[in-house]
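Chain and residue survey
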Amino acid sequence: QVQLVESGGGLVQAGDSLRLSCTASGRYTMGWFRQVPGKEREFVAGISWSGSDSFYAESVKDRFTISRDVYTNMYLQMKSLNAQDTAVYYCAAKRADFPLTHGYDYWGQGIQVTVSS
């Protein structure tokens, strides 16, 4: 079992950038999800264990970039943030290689990102 810990969240202004980090160790496919109160958790981005494959939700494509160090930490660089990006962001991991969008077994505690307009 892997322990996942997110960091880097906070309060920013619309248009700002923010970088989230997730500490991990091992050969895992990893992803970022987010959730706002009253809504289901939604997929944001996923990356293969080697970092060679990645996939994004349409709502963040071209603004967010997922990356990782092989066998360890994962990152989410977020640009041009807007109020709709406000959510609790979760780091997730799983042993299976694919798909990148769902089927995750392990979850972090979540970290708040708030974008003020």
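Above this text you will find the structure in question.
Residues numbered from 1 in each chain as written. Predicted model: local features only at pLDDT ≥ 70, side-chain atom pairs only at ≥ 80, totals over all residues. Heavy atoms only, no water.

**A word on the overall build of the chain**
Helix and strand content of the chain: zero helices and eleven strands. Here the C-alpha atoms of the chain give a radius of gyration of 13 Å, agreeing with the 13 Å that 2.2 N^0.38 yields for 117 residues. For the chain, the C-alpha atoms occupy an extent of roughly 40 × 25 × 20 Å along the three principal directions. Looking at the chain as a whole, 41% of its 117 residues are labelled buried. Long-range contacts, defined here as pairs at least 24 residues apart, represent 57% of the contacts in the chain between residues at least 6 apart. Carbon together with sulfur atoms contributes 48% to the accessible area of the chain, which is approximately 6000 Å² in total. (Helix = DSSP H or I, 4+ residues; strand = E, 2+ residues; numbered from the N terminus. Rg over C-alpha atoms; globule rule 2.2 N^0.38 Å. Buried < 20%, exposed > 50% of the residue type's maximum accessible area, 1.4 Å probe, protein only. Contact = heavy atoms within 4.5 Å. Areas by Shrake-Rupley, 256 points an atom, 1.4 Å probe, with all protein chains shown as cover.)

**Notes on the pairing of strand β3 (residues 18-23)**
Moving residue by residue along a regular strand, the side chains alternate between the two faces of the sheet. Where strand β1 (residues 5-7) and β3 come together, three bridges link them in antiparallel fashion. Directly across from V5, in β3, lies its bridge partner T23. Alignment of β3 against strand β8 (residues 74-78), held across five bridges, turns out to be antiparallel. Counterpart to L18 in the pairing with β8 is M78. (Pairing = 2+ DSSP bridges.)

Function cannot be read off these values alone, since they describe shape.
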